[in-house]
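Tertiary structure, described
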Amino acid sequence: MSADRTPVTGPFRITVEAIPTGVTLDVSSFVESLILDLVTEQAEALGEILDEQAEDRPYDGHRPESLLVEELVAELSTKIHVYGGQCLALADRIRAVAAPKAVPSQREAGDA
């Protein structure tokens, strides 16, 4: 994986790739960290959420586990820190791959 595609190398890698309508940001190293935090540090909270979901009751427009999920999200670190020059590298990479691309006209495409 080239440094060009991965402008942010830490504390969590962020890879930027072009798609036809913009870019994708791959933050899998951040997600891995969140999952590990969930299963090691927040297992009890996950159990409470699962218990609430398992209870058989008619739906009244409110999911009782919603508050538990909100509390869990508040406990987790959901912000990805990007430091120093990596901020500019990330912005440059997004700008480069998201820049409008020239679309060949029908005539040019047929001549090729």
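In this report, the structure presented in the accompanying data block is examined. (Residues numbered from 1 in each chain as written. Predicted model: local features only at pLDDT ≥ 70, side-chain atom pairs only at ≥ 80, totals over all residues. Heavy atoms only, no water.)

1. Structural notes on the environment of V27
The following threshold applies: Helix numbers and strand numbers start at the N terminus; a helix is a DSSP run of H or I with at least 4 residues, a strand a run of E with at least 2. Only protein chains enter the calculation, and the probe is 1.4 Å; a residue is then buried if its accessible area is under 20% of its type maximum, exposed if over 50%, and partly exposed in between. By definition in these notes, contact holds between two residues if any of their heavy atoms fall within 4.5 Å.
Tracing the sequence through the fold places V27 in the loop between β2 (22-26) and α1 (28-41). Exposure remark for V27: the relative accessible area of 23% places this residue in the partly exposed category. Sequence separation of V27 and V16 is 11 residues, and the distance between their C-alpha atoms is 9.2 Å. Look past the residues within four positions of V27 in its chain and what remains in contact with it is R13, I14 and I80.

2. Brief notes about unusual backbone geometry
Most peptide bonds are trans, and most residues other than glycine sit at a negative phi. Residue G10 is joined to P11 through a cis peptide bond whose omega torsion reads 5°. Positionally, P11 belongs in the segment before β1 (15-19).

3. Here we look at a nonpolar patch on the surface
Stated precisely, the cut-off is as follows: Patch membership is restricted to residues that have no salt bridge and whose relative accessible area is over 30%. Joining uses 9 Å for like charges and 5 Å for the nonpolar side chains Val, Leu, Ile, Met, Phe, Trp and Tyr. Areas reported as accessible are Shrake-Rupley estimates using a 1.4 Å probe. Residue values count occlusion only from the protein chains shown. Salt bridge criterion: a side-chain nitrogen from Lys or Arg within 4 Å of a carboxyl oxygen from Asp or Glu.
A grouping of V31, I35, L36 and V39 is seen on the molecular surface, where their side chains present a nonpolar patch of about 360 Å² in accessible area. Within the fold, L36 resides in helix α1.

4. Looking at the nonpolar core
Quick reminder of the rule: Joining through side-chain atoms within 4.5 Å is the link that ties buried Ala, Val, Leu, Ile, Met, Phe, Trp, Tyr and Cys residues into a set, and such a set is a nonpolar core.
Of all hydrophobic cores here, the largest spans eight residues; its members are F12, F30, L34, L38, I49, L68, L72 and L76. Of all the secondary-structure elements, those providing two or more residues to this core are α1 and α3 (65-75). Once residues lying within four places of it in the same chain are set aside, the contact partners of L38 are A43, L46, L72 and L76. With five residues, the next largest nonpolar core counts V8, I14, L90 and V97 among its residues.

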